[in-house]
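# Inside the fold
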Amino acid sequence: MNATKSPHKTLPRIPAKKIPAALIYEIMDGKPVYYRGYREVLKNEKTIEEVMGASSLQGIMVEYILRILFRQLDEKQYHILTNEQGLHLNRKNNLSAGIAIYEKTKFSVAQADKHYATIPPKIQIEVDINADTEGGLVETYINKKTDKLFEFGVEKVIWVLSESKKVIVATPNANWQIIDWHKDIEVIDGVIFCIGKYLMEEGSPFA
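This one's a predicted model, so the numbers in the text were calculated from it and none came from an experiment. (Residues numbered from 1 in each chain as written. Predicted model: local features only at pLDDT ≥ 70, side-chain atom pairs only at ≥ 80, totals over all residues. Heavy atoms only, no water.)

### Section: the overall build of the protein
If you tally the helices and strands in the protein, you get five helices and twelve strands. Its C-alpha atoms give the protein a radius of gyration of 17 Å, near enough to 17 Å, the size a compact globule of 207 residues would have. For the protein, the residues scored as buried account for 46% of the 207 residues in total. For the protein, contacts bridging at least 24 residues in sequence account for 59% of all contacts bridging at least 6. Carbon together with sulfur atoms contributes 49% to the accessible area of the protein, which is approximately 11,600 Å² in total. (Helix = DSSP H or I, 4+ residues; strand = E, 2+ residues; numbered from the N terminus. Rg over C-alpha atoms; globule rule 2.2 N^0.38 Å. Buried < 20%, exposed > 50% of the residue type's maximum accessible area, 1.4 Å probe, protein only. Contact = heavy atoms within 4.5 Å. Areas by Shrake-Rupley, 256 points an atom, 1.4 Å probe, with all protein chains shown as cover.)

### Details of the packing of aromatic side chains
Inspection of every chain in the model, using the stated rule, returns six aromatic pairs. When the centroid spacing of 4.6 Å and the interplanar angle of 35° are considered together, the rings of Y102 and F107 count as tilted. (Phe/Tyr/Trp six-rings, centres within 6.5 Å; stacked < 30°, edge-to-face > 60°.)

### What to know about unusual backbone geometry
The phi dihedral of N83 falls on the positive side, at around 65°, and the residue is not glycine. Structurally, N83 is set in the loop between β3 (78–81) and β4 (85–90). N83 sits in the exposed class, given a relative accessible area of 70%. Although it is not a glycine, D189 sits at a positive phi angle of roughly 50°. Take D189: it is sitting in the loop between β11 (185–188) and β12 (191–193). Given the relative accessible area of 60%, D189 is considered exposed.

### Notes on the confidence of the model for the protein
When the pLDDT values of the protein are averaged, the result is 91; 91% of them are 70 or greater. With pLDDT under 50 throughout, residues 2–11 is counted as low confidence; its partners more than four residues away or in other chains account for 22 contacts. (pLDDT = per-residue confidence, 0-100.)

### Looking at the environment of Y34
Among the secondary structure elements, Y34 is positioned in strand β2 (residues 31–34). Counting along the chain gives 97 residues from Y34 to A131, while the straight-line C-alpha distance between them is 5.8 Å.

### Looking at helix α4 (residues 138–152)
Along an α-helix, residues three or four apart share an orientation, since each turn contains 3.6 residues. Under the 1.5 Å per step criterion, the end-to-end length of α4 is 21 Å for 15 residues, consistent within 8% with the ideal 21 Å. Looking at α4, one finds that the buried residues are V138, E139, Y141, I142, K145, T146, K148, L149, F150 and F152. Remark: G153 follows α4 within two positions and exhibits a positive phi of approximately 125°. (Expected span 1.5 Å × (residues − 1).)

### Some details on the pairing of β2
In terms of strand pairing, strand β1 (residues 24–28) meets β2 through four bridges, oriented antiparallel. When the bridges of β2 are listed, I24 appears paired with Y34. Between β1 and the antiparallel strand that follows it, β2, lie two residues; D29 among them carries a positive phi value of about 55°. (Pairing = 2+ DSSP bridges.)

### Focus: the sheet that holds strand β6 (residues 99–103)
Here six strands make up an open sheet; going across it, the order is β3-β6-β7-β8-β9-β10 and the pairing mixed. The open sheet has two free edges, formed respectively by β3 and β10 (177–180), since each of these has just one partner strand. Going from strand to strand, the sheet's axes swing by 15° on average, the running direction of each strand aside. Pairing geometry for β6 and strand β7 (residues 123–127), over three bridges, is antiparallel. Bridging from a neighbouring strand, A100 pairs with Q124 of β7. Where helix α3 (residues 56–72) meets the sheet, it contacts β3, β6, β7 and β8 (156–161), and its direction lies at approximately 155° from that of β7. (Axes fitted to C-alpha atoms, helices over the stretch in contact; angles between N-to-C directions.)

### Concerning the pattern of salt bridges
Pairing is possible between side chains that carry opposite charge, provided their charged atoms lie close to one another. Per the stated rule, a full pass over the model turns up nine salt bridges. The shortest N-O distance in the salt bridge between K145 and E26 comes to 2.7 Å. On the criterion of sequence distance, the pair formed by K145 in helix α4 and E26 in strand β1 is long-range, its members being 119 residues apart. The buried category is assigned to K145, whose relative accessible area is 0%. Of the charged contacts, one joins E63 and R67 as a salt bridge, the two residues approaching to 3.1 Å between their closest N and O atoms. With a gap of four residues between them, E63 and R67 both fall in helix α3, about one helical turn apart. In the salt-bridge network here, residues are joined through shared partners; they are E103, K106, K122 and E155. (Salt bridge = Lys/Arg side-chain N within 4 Å of Asp/Glu carboxyl O.)

Structure, rendered in structure tokens:
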């Protein structure tokens, strides 16, 4: 897999007890995964709110994908959850979902509560990465999170990566696809998006 890599760096270790809990993005294997930019918060260069929020480009891409999903997926058959939906896989893993598509037969409104979801979505879409991956590989984070989602029961994970302009389409027990984001990507049942084409048509310099 050739997902975008971060340069190797030797970064000073910061004791976890000195990092505010609000900066934790996910828990993976019992260890905190912090928001990208958390080091700038600790140096008072950014606020917690600044690193927790999405970039405007990320927001536009999410909005585009959601618009397609809400228009084309049968609302009687599917829930489409966003806003970094929390997923409780087990006692050591609490992950986040950018966009989670649920079958209503497996997850109903009556099952929703004030806690993280313990039922896996059918499909999960991640638009860029909000987790801190400095000092390591973006690829490692993507691989690890995707594999955990498969173990949880997710049937397809789609990663949209603006830095490399690639889309990774991953399904269990199959070769993952790395696709140029100017190509059509099928989510489910003929529902297709093309993020690169959309950005180009809208005049984005990031297309």
